[in-house]
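The primary structure of each chain is shown beneath.
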Amino acid sequence: MRLTLESSVGAEAVEVPVRELVIAGWTGRDAAAVEAHIAELAEIGVARPSRVPCFYRVAADLLTRAPAIQAVGPDSSGEVEVVLFGTETGMLVGLGSDHTDRRVEAWSVTVAKQACAKPVAGTVWRFDEVAGHWDSLALRSWAVADGVREDYQAGPVSAMRSPADLVARYCGGGALPPGTAMFCGTLAVAGGVRPADRFEMELADPRLGRTIAHGYDIAVLPVEG
């Protein structure tokens, strides 16, 4: 995947191979907040997870930088998340949406994760440059439906387990292997989980005064039988 690495020395194009894609779920540091998100999804029929956190493996070719995706049926929606990329020269931090089919999620979270493309922003940062002030980073997202842009999610990344915690739990210690990308969990939704015509998101670093942003349109394909 071709991305732009924005660092303290400027910006450069980098090739980041992704051979393994992991979606970390139920990653909240606050047990009450995790329970609230579980209850939120239970309202639309999603079963409680068997363990917390969970790590769902999905096809690496679901990652996309395209400005639009296609989803079967009207029941999918986005989730803003930090994305970690393991590379030979250290971990990178990016932004993505764990776009998920909610109807399928009601009977299998794993299959629902596999059912939709996973849009990611084209910009990444070096993890080492943000590790020291990680908890000051913030995520936001917006849902656009019928031409109306509404706040969808907002909060600090400190709401989720730290990258070191998630990587250690998934890998059994050590660093995220080169070629692995990991979505790190999401925030509660304002107004309930719902579909949209367009999903927009950002990751802000107020300490260094920079932002990663991305948006994509969702084209709904018909359900035939």
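Structure: above.
## Description of the overall build of the chain
Alright, step 1. Scanning the chain for helices and strands turns up five helices and 17 strands.
Alright, step 2. Considering only C-alpha atoms, the chain reaches an extent of 50 × 35 × 30 Å along its principal axes.
Alright, step 3. When burial is assessed residue by residue, the chain has 51% of its 225 residues classed as buried.
Alright, step 4. Across the chain, contacts joining residues at least 24 apart in sequence account for 73% of those joining residues at least 6 apart.

## Remarks on unusual backbone geometry
Alright, step 1. Following V52, the chain continues to P53 via a peptide bond in cis, the omega torsion being -5 degrees.
Alright, step 2. Positive phi, normally seen in glycine, also occurs at W26, with a value near 60 degrees.
Alright, step 3. Checked against the element boundaries, W26 lands in the loop between β3 (20–25) and α1 (31–42).
Alright, step 4. Given a relative accessible area of 10%, W26 falls into the buried group.
Alright, step 5. In this structure, D146 takes a positive phi of about 55 degrees despite not being glycine.

## Looking at the side chain of D98
Alright, step 1. On the secondary structure map, D98 appears in the loop between β9 (92–97) and β10 (100–101).
Alright, step 2. In terms of polar contacts, D98 uses its side chain to reach the side chain of K113, at 2.6 Å.
Alright, step 3. The contact partners of D98, leaving out residues within four places of it in the chain, are I23, S77, G78, E79, E81, K113, K118 and F183.

## Overview of α1
Residues spaced three or four apart along an α-helix face the same direction, because each turn holds 3.6 residues.
Alright, step 1. The end-to-end C-alpha separation of α1 is 16 Å, in line with the 16 Å expected for twelve residues at 1.5 Å each.
Alright, step 2. Considered for burial, the residues of α1 that qualify are V34, H37, I38, E40 and L41. Along the axis of α1, the buried residues cluster in a sector spanning 155 degrees; they form a single face. Across α1 from its buried face, at more than 90 degrees, point the exposed residues A31 and A32.
Alright, step 3. In this structure, the buried side of α1 is in contact with α2 (102–105).
Alright, step 4. The N-cap of α1, judged by a side-chain oxygen 2.8 Å from the amide nitrogen of A32 a few residues on, is D30.

## Section: the sheet that holds strand β16 (residues 198–205)
Alright, step 1. Taking strand neighbours across the sheet as the criterion, the five strands line up as β6-β17-β16-β13-β14 in an open arrangement whose pairing is mixed. The open sheet has two edge strands with one neighbour each: β6 (68–72) and β14 (148–156). Averaged over all neighbouring strand pairs, the angle between strand axes comes to 20 degrees, with direction disregarded.

## What to know about the nonpolar core
Alright, step 1. Within the largest apolar cluster, 37 residues are counted, with the highest numbers of intra-cluster contacts made by V82, L139 and L203.
Alright, step 2. What V82 contacts, discounting residues up to four positions off in sequence, is V93, G94, W134, L139, V157, M182, F183, C184 and L203.
Alright, step 3. Ranked by size, the runner-up nonpolar core spans 26 residues in total, among them L21, V46, L92 and A181.

## Concerning the sheet that holds strand β8 (residues 80–85)
Alright, step 1. The eight strands are arranged β2-β1-β12-β9-β8-β15-β3-β4 in an open sheet whose pairing can be described as mixed. Here the strands that pair on one side only, and so sit at the sheet edges, are β2 (10–15) and β4 (54–58). When strand polarity is set aside, the average angle formed by the axes of neighbouring strands in this sheet is 30 degrees.
Alright, step 2. The sheet contact formed by β8 and β9 spans six bridges and is antiparallel. When the sheet's bridge partners are listed, F85 is paired in β9 with L92.
Alright, step 3. Across the sheet, helix α5 (residues 163–171) is in contact with β3, β4, β8 and β15 (180–183); its angle to β4 comes to roughly 70 degrees.

## Regarding the pairing of β8
Alright, step 1. A large share of β8 lies buried, amounting to six of its six residues.
Alright, step 2. Here β8 hands over to β9 after six residues, with G90 in that stretch at a positive phi of 115 degrees.
Alright, step 3. Relative to β15, β8 runs antiparallel, the two being bridged by three bridges. When the sheet's bridge partners are listed, F85 is paired in β15 with A181.

Cut-offs applied
- Residues numbered from 1 in each chain as written.
- Predicted model: local features only at pLDDT ≥ 70, side-chain atom pairs only at ≥ 80, totals over all residues.
- Heavy atoms only, no water.
- Helix = DSSP H or I, 4+ residues; strand = E, 2+ residues; numbered from the N terminus.
- Buried < 20%, exposed > 50% of the residue type's maximum accessible area, 1.4 Å probe, protein only.
- Contact = heavy atoms within 4.5 Å.
- Polar contact = N/O pair within 3.5 Å; in protein donor to acceptor, adjacent residues only side chain to side chain.
- Expected span 1.5 Å × (residues − 1).
- Arc of directions from axis to C-beta.
- Pairing = 2+ DSSP bridges.
- Axes fitted to C-alpha atoms, helices over the stretch in contact; angles between N-to-C directions.
- Core = buried A, V, L, I, M, F, W, Y, C linked by side-chain atoms within 4.5 Å.

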